[in-house]
Each structure stands twice: as structure tokens, then as C-alpha cells.
Amino acid sequence: MSYKAQLVVRARGKEGVTLIETVKEMANERGITYSEMAVELLQRGLGAKEAPAQAADEAASTSASAPATTEEKKAPKKPAAEDAPLPAEEAGPAVDPKLPPEKIVAHYLERRQERGERAAARILVDFFAVAGPADGGQLKKLLQDEFTNADYEALMKPIKDTDEYATYTERAIFGEPSPYSEIN
């Protein structure tokens, strides 16, 4: 049996367009379709970790087995990658993450030249820890103007692997309620 459904997403405002572009970027980064990414994000937003059919299948298969211990449930912490941003205490003087994107990029370029890419990456990680979708989109555009596509992707890869960037992505996608979700 085959299931099919369609969802059309339109945006009327600049922030909505930025949000849709962010979802498309996320899909491209993961090598999945825009629709698959949208469904995954909707599931997360609605509190579902997986599709209902998958949950039912897993519940049926795990109910027969013994319950997992707390230690088995914890995912092992992955080691920091070679290109991971430096911790704040090693990256150099802190830069106010609430500065406008133009100034963040200027500080990033200066730190990159003085202390290296990993130290400069800390500035971007701190920025994404507090940034909204509009500022994040503007920063992306500024960095893409400064670097080639390949260089931009390389510098963003370790940043996108951080918890701060994951939180930014969720905030950018789910941060503001849709006008359609409000009951009049």
C-alpha cells in the first residue's frame, strides 16, 4: 500500500522566505529532498521523533526485549573533530555575538588571520548561539561574498556540527509561531 500527501509552503514575508531557504539548505546538506526535510522538521516540531509507523514497529520489536539500562540509553559523546572551533577560553578575546553581521564577519576575518580558522570559528559559533534567522541569513550572504562556495562550505562544516548551530537552526525554523497557528 502506498501513502501520499502533499504540503505546499508559501511565505509572505522576508523572514518566512529566509526560513524556507534555511530548510532547503538543510536538506541539501543532508542529501535529502526538501519534502523529506520538511516532514522531519514537522515531526520534530510536533514532538514526534519518528514517523508513527516506525514508532509502532519499534515499540512492537522492543516490547519483547528487556528494557535498556540508563547507561545503554546514553549516546557516547563524540570526540571533537580536528577542525572543531576552539573553546572560548582558547579562541582569544570574546566578541559580542549581538553585533551586526557585518561586524561579526570583520572580527571573524581578523581573528582568522591572527589566530587561525579554529579560533575564528568560535566567533561564528557564539554568534549563532544568539542569532535569529534574518541575521543568520545576512551573515551567510556576507561570508559567501567573501569566500568561494567551496571555502564557505569548508569553514561552515565544523560550525554546523556544533550544538549552538543546531539550536540556531531550530530557533530559526520554530522560533516564531506562524500566523496560521494562532486561533482567532
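In the block above lies the structure referred to throughout.
Residues numbered from 1 in each chain as written. Predicted model: local features only at pLDDT ≥ 70, side-chain atom pairs only at ≥ 80, totals over all residues. Heavy atoms only, no water.

Enquirer: How do you make sense of the overall build of the chain when you look at a structure like this?
Expert: The secondary structure content of the chain amounts to ten helices and zero strands. The secondary structure elements of the chain, listed N-terminal to C-terminal, are α-α-α-α-α-α-α-α-α-α. Here the chain holds 184 residues, and 24% of them are scored as buried. In the chain, 58% of the contacts between residues at least 6 apart in sequence involve partners at least 24 apart. When the accessible surface of the chain is split by element, carbon and sulfur atoms take 53% of a total near 13200 Å². (Helix = DSSP H or I, 4+ residues; strand = E, 2+ residues; numbered from the N terminus. Buried < 20%, exposed > 50% of the residue type's maximum accessible area, 1.4 Å probe, protein only. Contact = heavy atoms within 4.5 Å. Areas by Shrake-Rupley, 256 points an atom, 1.4 Å probe, with all protein chains shown as cover.)

Enquirer: I would appreciate a short explanation of the packing of helix 6 (residues 101-115) against helix 7 (residues 117-130) in the present structure.
Expert: It is the contact of helix 6 with helix 7, at a shortest axis distance of 7 Å, that shows an interaxial angle of 160°. Taken together, helix 6 and helix 7 sit at an angle that is classed as roughly antiparallel. Of the two elements, helix 6 crosses helix 7, and the hand of that crossing is right-handed. Where helix 6 approaches helix 7, its residues Pro101, Ile104, His107, Tyr108, Arg111, Arg112 and Arg115 are matched on the opposing element by Glu117, Ala119, Ala120, Ala121, Ile123, Leu124 and Phe127. Taken together, the residues of the contact of helix 6 with helix 7 sort by class into nine nonpolar, one polar and four charged. (Axes fitted to C-alpha atoms, helices over the stretch in contact; angles between N-to-C directions. Parallel < 35°, antiparallel > 145°, perpendicular 65-115°, else oblique. Left-handed = near helix turned anticlockwise from the far one by under 90°. Nonpolar A, V, L, I, M, F, W, Y, C, P; charged D, E, K, R; others polar.)

Enquirer: Would you take a moment to explain the side chain of Arg111 for this structure?
Expert: Assignment of secondary structure puts Arg111 in helix 6. Buried within the structure, Arg111 lacks any salt-bridge partner; Glu114 is the closest side chain of opposite charge, at an N-O distance of 5.1 Å. Polar side-chain contacts of Arg111 include one of 3.1 Å to the backbone oxygen of Ala91. Look past the residues within four positions of Arg111 in its chain and what remains in contact with it is Ala91, Gly92, Pro93, Val95, Gly116, Ala119, Ala120 and Ile123. (Lys, Arg positive; Asp, Glu negative; His and termini not counted. Salt bridge = Lys/Arg side-chain N within 4 Å of Asp/Glu carboxyl O. Polar contact = N/O pair within 3.5 Å; in protein donor to acceptor, adjacent residues only side chain to side chain.)

Enquirer: Quick question: what am I supposed to make of the pattern of salt bridges here?
Expert: Side-chain pairing between opposite charges can occur once the charged atoms of the two side chains come close. What the rule picks out here adds up to four salt bridges. The partner of Glu117 in a salt bridge is Arg112, and the shortest N-O contact between them spans 3.4 Å. On the basis of relative accessibility, which here comes to 26%, the residue Arg112 falls in the partly exposed class.

Enquirer: Mind showing me how you'd approach the packing of aromatic side chains here?
Expert: Both the distance between ring centres and the angle between the ring planes are used here to describe each pair of aromatic rings. Per the stated rule, a full pass over the model turns up five aromatic pairs. An angle of 55° between the planes, with centres 4.8 Å apart, marks the rings of Phe128 and Tyr168 as tilted. Note that Phe128 is positioned in helix 7 and Tyr168 in helix 10 (residues 163-174), a separation of 40 residues in sequence. Tyr168 gets classed as buried once you look at its relative accessible area, which sits at 4%. Plain terms: the ring middles of Tyr165 and Tyr168 are 5.4 Å apart, the flat faces sit at 50° to each other, and that makes the pair tilted. With Tyr165 and Tyr168 both in helix 10 and three residues apart, the pair spans about one turn of that helix. Residue Tyr165 is classed as buried on the basis of its relative accessible area, which comes to 11%. By the ring-pair criterion, three or more aromatic residues cluster together here, those being Phe127, Phe128, Tyr165 and Tyr168. (Phe/Tyr/Trp six-rings, centres within 6.5 Å; stacked < 30°, edge-to-face > 60°.)

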